[in-house]
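# Architecture at a glance
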Amino acid sequence: MKRSEINAAIEKATRCFSEHHWNLPPNPKWDVTDFGLGDFKSAGLVLINLCEEDEYCEKLMYAEKDQVTPAHTHKIKKEDIICRNGELIVQVWAGQPGEWNSSFKMKVNGEYTSITSGDEIKLSRGERITLVPGVYHKFFPTSDECIIGEVSTANDDLNDNFFSDPEIGRFSSIIEDEDPIVKLVNE
Ligand SMILES: O=C[C@@H](O)[C@@H](O)[C@H](O)CO
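What you see is a predicted model; the values in this text were computed from it and never measured.

### Brief notes about the overall build of the protein
- Per the secondary structure count, the protein includes one helix and 13 strands.
- Mapped from its N terminus to its C terminus, the protein presents α and β elements in the order α-β-β-β-β-β-β-β-β-β-β-β-β-β.
- Relative to the compact-globule value of 16 Å for 187 residues, the protein shows a C-alpha radius of gyration of 16 Å, a close match.
- Taken across its 187 residues, the protein has 44% of its residues classed as buried.
- A sequence separation of at least 24 residues applies to 74% of the contacts in the protein between residues at least 6 apart.
- For the protein, the accessible surface area stands at approximately 9,400 Å², while carbon and sulfur atoms represent 47% of it.
- Between the averaged position of the 20 positive side-chain charges in the protein and that of its 34 negative side-chain charges there is a distance of 4 Å.

The following block contains the structure:
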């Protein structure tokens, strides 16, 4: 993706976080990706790694309406995805999308809930879903903008993201069409 798109995405996210009183730490660890698909408006995510420890991690994320984080799972990380502002749809599958049609239970707002693979769960502000390793998930806002939280066990974005579409990559290659306003976590 172009550096100008990355810069613009960081500026938008910074404005939105500030409008909603999410104060960022000094030198935020920015991570902006189009998942290697080259169409950031349709598939993309802005993330800040707020803290990364051996045992746990917290992130703050930003996405715009219909901007998809494609279906993926983690083999090790367990995470809560939390809608902090706006409205977020999280679609979940017990296994690889398309291959499973099973019912399973997962926690929504801390309560075990029966889900059928492929169900879309709507999260309003303050709501959360708990994703255990192996559960595939895709998400996108239905509001104009969405602030998304993530609280998890150890995070390893290099080795622990498995996308259902093998063409998808976690980090983008960058076309330098202007100066960076910050360096990203993968640079
Ligand atoms: O579901 C999203 C999260 O696991 C993110 O932290 C991850 O970086 C997306 O690939």
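### Side note on the sheet that holds strand β6 (residues 87-93)
- In spatial order, the strands read β9-β6-β11-β4-β13; together these five strands make up an open sheet with antiparallel pairing. Each edge of the open sheet carries a strand with a single partner, namely β9 (120-124) and β13 (162-163).
- Strand direction decides the pairing type here: strand β4 (residues 69-73) and strand β11 (residues 136-141), joined by two bridges, are antiparallel. For His72, the partnering residue across the bridge sits in β11 and is His137.

### Quick notes on the packing of aromatic side chains
- Per the stated rule, a full pass over the model turns up two aromatic pairs.
- Aromatic pair Phe17 and Tyr62: ring centres 6.4 Å apart, planes at 80 degrees, arrangement edge-to-face. Taken together, the positions of Phe17 in helix α1 (residues 3-19) and Tyr62 in strand β3 (residues 56-64) put the pair 45 residues apart, joining distant regions of the chain.
- With a relative accessible area of 2%, Tyr62 lands in the buried category.
- Aromatic side chains Phe35 and Phe163 sit 5.7 Å apart centroid to centroid with 65 degrees between the ring planes, which places their arrangement in the edge-to-face category. A residue pair is termed long-range when its members are at least 10 positions apart, and Phe35 in the loop between β1 (29-33) and β2 (45-52) and Phe163 in strand β13 qualify at 128 residues.
- The exposure class of Phe35 is buried, given its relative accessible area of 2%.
- Phe163 gets classed as buried once you look at its relative accessible area, which sits at 12%.
- Note that Lys75 overlies the ring of Phe162, its terminal NZ or CZ placed 4.4 Å from the centroid.
- Seen from the ring of Phe171, Arg170 lies directly overhead, with NZ or CZ sitting 4.7 Å from the centre.

Rules used in this analysis
- Residues numbered from 1 in each chain as written.
- Predicted model: local features only at pLDDT ≥ 70, side-chain atom pairs only at ≥ 80, totals over all residues.
- Heavy atoms only, no water.
- Helix = DSSP H or I, 4+ residues; strand = E, 2+ residues; numbered from the N terminus.
- Rg over C-alpha atoms; globule rule 2.2 N^0.38 Å.
- Buried < 20%, exposed > 50% of the residue type's maximum accessible area, 1.4 Å probe, protein only.
- Contact = heavy atoms within 4.5 Å.
- Areas by Shrake-Rupley, 256 points an atom, 1.4 Å probe, with all protein chains shown as cover.
- Lys, Arg positive; Asp, Glu negative; His and termini not counted.
- Charge placed at Lys NZ, Arg CZ, Asp CG, Glu CD.
- Pairing = 2+ DSSP bridges.
- Phe/Tyr/Trp six-rings, centres within 6.5 Å; stacked < 30°, edge-to-face > 60°.
- Lys NZ or Arg CZ within 6 Å of the ring centre and 35° of its normal.

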